[in-house]
Amino acid sequence: MKTLLILALVYLAYIDWRTFRLPNAITLPLIFLGIAVNGVSDLRLSTPISALLGASLGYGSLWALNAGYRLLKNRNGIGMGDAKLLAALGACLGWGALPSILLIASITGLVGGSIWLKSRGHQLQQAFPFGPFLAIAGIIELLWPQLIPTLILSKLI
């Protein structure tokens with residue numbers, strides 16, 4: 001399961017980096033595969049309930065963020081492919097992984113996106129793909145779960 005997820009995330013990151021698209025043909029089956037594997041397999045990475053909540057909260061949180069942005073700016077701020085990718089990560093890793101994934105993706109996205117936009121001569125207000133940063137964060141959370149609570153939050157408390 002882990003190898004398949006990593007390969008899918010690397011492929012999705014590459015596609016999004018090149019095309020600004022995360023294809024439903026990959027993200028939707030990944031959501032259902034995560035729920036199914038966690039529901040019936042001994043290879044599960046999460047409980048079935050956590051996987052269902054992870055898929056729902058993953059999609060719903062980015063959908064709500066985009067809806068709020070759209071109300072303020074009259075345009076989308078994040079693609080729904082990103083929401084489906086976060087739903088897939090939630091389905092595979094469970095809802096408890098979502099805060100760490102979003103934090104890691106946001107930090108790497110701020111740094112990497114700024115470098116990417118400046119290197120291409122674009123303004124910081126222009127779009128850049130967020131999927132690769134979600135994919136990186138998902139891989140980090142898959143390989144090193146509890147990285148954020150252990151390394152960062154323990155130093156703050």
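Refer to the preceding data block for the structure.
These figures come from a predicted structure and were not determined experimentally. (Residues numbered from 1 in each chain as written. Predicted model: local features only at pLDDT ≥ 70, side-chain atom pairs only at ≥ 80, totals over all residues. Heavy atoms only, no water.)

Visitor: Would you mind showing me how to read the overall build of the chain here?
Guide: Helix and strand counts for the chain come out as seven helices and zero strands. Going from N to C terminus, the chain has its helices and strands arranged as α-α-α-α-α-α-α. Considering only contacts within the chain whose residues lie at least 6 apart along the sequence, 68% involve residues at least 24 apart. When the accessible surface of the chain is summed, it comes to about 8,900 Å², and 68% of that surface belongs to carbon and sulfur atoms. (Helix = DSSP H or I, 4+ residues; strand = E, 2+ residues; numbered from the N terminus. Contact = heavy atoms within 4.5 Å. Areas by Shrake-Rupley, 256 points an atom, 1.4 Å probe, with all protein chains shown as cover.)

Visitor: What's the story with the packing of aromatic side chains in this structure? I'm lost.
Guide: Pairs of aromatic rings are described using the distance from one ring centre to the other and the angle between the two planes. Following the criterion strictly, the structure yields two aromatic pairs and no others. Between the aromatic rings of Phe-128 and Phe-133, the centroid separation amounts to 6.0 Å while the plane-to-plane angle is 80 degrees, which identifies the pairing as edge-to-face. Taking relative accessible area as the criterion, Phe-128 reaches 26% and is therefore assigned partly exposed. An aromatic cluster is built from Trp-17, Phe-128 and Phe-133, whose rings are joined through pairwise contacts. (Phe/Tyr/Trp six-rings, centres within 6.5 Å; stacked < 30°, edge-to-face > 60°. Buried < 20%, exposed > 50% of the residue type's maximum accessible area, 1.4 Å probe, protein only.)

Visitor: What is the right way to read the layout of surface pockets from this model?
Guide: Left-over empty space is what a probe sized like a water molecule reveals as it rolls over the atoms. There is about 920 Å³ of room inside the largest pocket. Considering the residues around the largest pocket, the lining is formed by 30 residues, among which Gly-77, Ile-78, Gly-79, Phe-128 and Phe-130 are closest to the centre. Going through the elements one at a time, α3 (48-73), α4 (80-93) and α5 (98-119) are the ones with two or more residues in the lining of the largest pocket. Counting residues per element, the lining of the largest pocket draws most heavily on α5, which supplies seven residues. (1 Å grid on protein atoms, 1.4 Å probe; cavity = no way out; pocket = protein on both sides within 12 Å on 5 of 7 lines; lining within 4 Å. Points joined across faces, edges and corners; volume = space filled by probe spheres on them.)

Visitor: Is there a simple way to think about the packing of α3 against α4 in this case?
Guide: The relative placement of two packed helices comes down to the angle between their axes together with the axis-to-axis distance. Following both chains from N to C, one finds α3 and α4 inclined at 160 degrees, their axes separated by 7 Å at the closest point. The orientation of α3 with respect to α4, classified from their angle, is roughly antiparallel. The crossing of α3 and α4 is right-handed. On α4, the residues that touch Ser-50, Ala-51, Gly-54, Ala-55, Gly-58, Tyr-59, Ser-61, Leu-62, Trp-63 and Asn-66 of α3 are Met-80, Asp-82, Ala-83, Lys-84, Leu-86, Ala-87, Gly-90 and Ala-91. Each residue belonging to the contact of α3 with α4 can be placed in one class, and the counts come to 10 nonpolar, six polar and two charged. (Axes fitted to C-alpha atoms, helices over the stretch in contact; angles between N-to-C directions. Parallel < 35°, antiparallel > 145°, perpendicular 65-115°, else oblique. Left-handed = near helix turned anticlockwise from the far one by under 90°. Nonpolar A, V, L, I, M, F, W, Y, C, P; charged D, E, K, R; others polar.)

Visitor: What is the right way to look at the nonpolar core in this model?
Guide: Soluble, globular proteins show a tendency: their nonpolar side chains are buried together. Membership of the largest hydrophobic core comes to 32 residues, with the highest contact counts inside it found for Leu-5, Leu-9, Leu-93, Ile-101 and Leu-134. At the level of secondary structure, the elements contributing two or more residues to this core comprise α1 (2-19), α2 (24-40), α3, α4, α5 and α6 (131-143). With nine residues, α4 is the largest single contributor of residues to this core. Excluding anything up to four places from it in sequence, Ile-101 contacts Leu-86, Leu-89, Leu-93, Leu-134, Ala-137, Gly-138 and Glu-141. (Core = buried A, V, L, I, M, F, W, Y, C linked by side-chain atoms within 4.5 Å.)

Visitor: What exactly am I supposed to notice about α4 here?
Guide: An α-helical segment advances 3.6 residues per turn. Residues three or four places apart therefore align on the same side. Between its first and last C-alpha, α4 extends 20 Å over 14 residues, near the 20 Å set by a 1.5 Å rise per residue. With 13 of 14 residues buried, α4 is to be regarded as a mostly interior element. In the stretch just after α4, Gly-94 is the one whose phi turns positive, near 90 degrees. (Expected span 1.5 Å × (residues − 1).)

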